[in-house]
Amino acid sequence: MTTTPYEVAVRAEAELGEGPTWDAAAGRLLWIDILGCRVHTYDPATGRRTVRRTEQHVGAVKPRAGGGLVLNLRDGVGLVDPSDSGFRWLHREPVPGRRANDAAVAPDGSLWAGTMRYDEAPGGGTLSRITGDGSVEVVLDDVAVSNGTGWSPDGRLMYYIDSPTRRVDVFDHADGRLSGRRTLAEIEDGAGFPDGLTVDADGCVWVALWQGAAVRRYTPEGQLDRVIELPVPLVTACAFGGAGLSDLYITTARTGLTEPPALAGSVFVVPGAGKGVAQPAFQG
């Protein structure tokens, strides 16, 4: 097992930085501040950054195949048009006390969007599959904090995290259907809670550890073989980006910290960490 060094990509004070996603068409990183109601972009080639404010808490942002963005928002899923000016709801289903959380785009271009209750009550969250025409199917309905979701390079496995369980689970996946749920890895007491994840070209699963100050990589067999230690406790998610998808970007948070470290809420990067898999854009 090796420990990997990091750099600071974006120095920020995000309250709940989350959801890094590489937008290949635009050559930029997308990420969000959930509680700050902000969508951020960062171009590592030029250093250019933009910030878009949302009207409500935003759980995830992903690129759309035809341009623009899809947002997992408190009250549902919305679309930003390619000109970055117009907005419309694709699916709106407000539930009192519930908000959006992490989301991922499946190999078929559907959005798998998670929710959770603000009080993190068990069973209060869901994981739903949303297609480009706005059709919605609840895939998992007994969730506390729906978090990291990702697929193996061949699309036959789906990895999933419901954070309070301390597990990284794996399902068999075919045509948008899940079966055979089992545990890939369990995070031991004292090491934090699993949050966001990404899967690399070797099929290894990288897991951000909330209250764990680290990102871990697990092999397809569930063996821990790599650790990235960070100078902040609330590590939220990770994703590969850059021209060769070899740089690992990591988001962090500062919410609830009485004396947050100087870099809490920043985005970190590990250059040359591995080889990522090109992520599909939302087909909607």
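For the structure, check the block above.
Everything numeric in this text was worked out from a predicted model, so none of it was measured. (Residues numbered from 1 in each chain as written. Predicted model: local features only at pLDDT ≥ 70, side-chain atom pairs only at ≥ 80, totals over all residues. Heavy atoms only, no water.)

Visitor: Could you give an account of the overall build of the chain, naming the residues involved and the relevant values?
Guide: Counting its regular elements, the chain contains zero helices and 25 strands. Taking 19 Å as the expected radius of gyration for a compact globule of 284 residues, we find that the chain reaches 17 Å, a close match to that expectation. With respect to the principal axes defined by its C-alpha atoms, the chain has extents near 45 × 45 × 40 Å. Looking at the chain as a whole, 57% of its 284 residues are labelled buried. Long-range pairs, those at least 24 residues apart, make up 42% of the contacts in the chain with a sequence separation of at least 6. Accessible area of the chain: about 11,600 Å², with a carbon and sulfur share of 46%. Taking the average place of the 27 positive charges on the side chains of the chain and the average place of its 36 negative ones, the gap between the two points comes to 4 Å. (Helix = DSSP H or I, 4+ residues; strand = E, 2+ residues; numbered from the N terminus. Rg over C-alpha atoms; globule rule 2.2 N^0.38 Å. Buried < 20%, exposed > 50% of the residue type's maximum accessible area, 1.4 Å probe, protein only. Contact = heavy atoms within 4.5 Å. Areas by Shrake-Rupley, 256 points an atom, 1.4 Å probe, with all protein chains shown as cover. Lys, Arg positive; Asp, Glu negative; His and termini not counted. Charge placed at Lys NZ, Arg CZ, Asp CG, Glu CD.)

Visitor: Please give an account of the side chain of histidine 40 that cites residues and values.
Guide: Mapped onto the secondary structure, histidine 40 falls in strand β5 (residues 38–42). Judged by its relative accessible area of 10%, histidine 40 falls in the buried class. Ignoring anything within four residues of it in the chain, the contact list for histidine 40 reads Leu29, Leu30, Trp31, Ile32, Asp33, Thr50 and Val51.

Visitor: Lay out the packing of aromatic side chains in plain terms, naming residues and giving numbers.
Guide: Enumeration over the complete set of coordinates arrives at five aromatic pairs. Ring centres of phenylalanine 87 and tryptophan 89 lie 5.4 Å apart, and the angle between their planes is 80°; this geometry places the pair in the edge-to-face category. Assessed through its relative accessible area of 40%, phenylalanine 87 is described here as partly exposed. Measuring from centroid to centroid gives 5.4 Å for tryptophan 112 and tryptophan 151, while their planes differ by 80°, and the two rings are edge-to-face. Of this pair, tryptophan 112 sits in strand β12 (residues 111–117) while tryptophan 151 sits in strand β15 (residues 146–151); the two residues are 39 residues apart in sequence, bridging distant segments of the chain. Each member of the pair, tryptophan 112 as well as tryptophan 151, carries the same accessibility label: buried. When the ring centre of tryptophan 89 is taken as reference, the NZ or CZ atom of arginine 92 above it lies at 5.5 Å. Its end group placed over the ring of phenylalanine 193, arginine 166 keeps NZ or CZ at 4.1 Å from the ring centre. (Phe/Tyr/Trp six-rings, centres within 6.5 Å; stacked < 30°, edge-to-face > 60°. Lys NZ or Arg CZ within 6 Å of the ring centre and 35° of its normal.)

Visitor: Lay out unusual backbone geometry in plain terms, naming residues and giving numbers.
Guide: Non-glycine residue cysteine 37 carries a positive phi angle of around 55°. Inspection of the secondary structure puts cysteine 37 in the loop between β4 (28–33) and β5. For cysteine 37, a relative accessible area of 9% corresponds to the buried category. Even without a glycine there, the phi angle at arginine 166 is positive, about 65°. On the basis of relative accessibility, which here comes to 18%, the residue arginine 166 falls in the buried class.

Visitor: Give a description of the layout of surface pockets that names residues and reports values.
Guide: If you add up the space inside the second largest pocket, you get close to 400 Å³. Every residue lining the second largest pocket is counted, 18 residues in all, and those nearest its centre are Arg99, Met116, Glu120, Val145 and Trp210. Elements supplying a minimum of two residues to the lining of the second largest pocket: β11 (98–105) and β19 (193–199). Ranked by residues supplied to the lining of the second largest pocket, first place goes to β19 with three residues. (1 Å grid on protein atoms, 1.4 Å probe; cavity = no way out; pocket = protein on both sides within 12 Å on 5 of 7 lines; lining within 4 Å. Points joined across faces, edges and corners; volume = space filled by probe spheres on them.)

Visitor: Describe the state of the cysteines, with residues and values.
Guide: Enumeration over the complete set of coordinates arrives at zero disulfides. Not engaged in a disulfide, the cysteine cysteine 204 finds its nearest cysteine sulfur in cysteine 238; these two sulfurs lie 12 Å apart. We classify cysteine 238 as buried; its relative accessible area is 3%. (Disulfide = S-S within 2.5 Å.)

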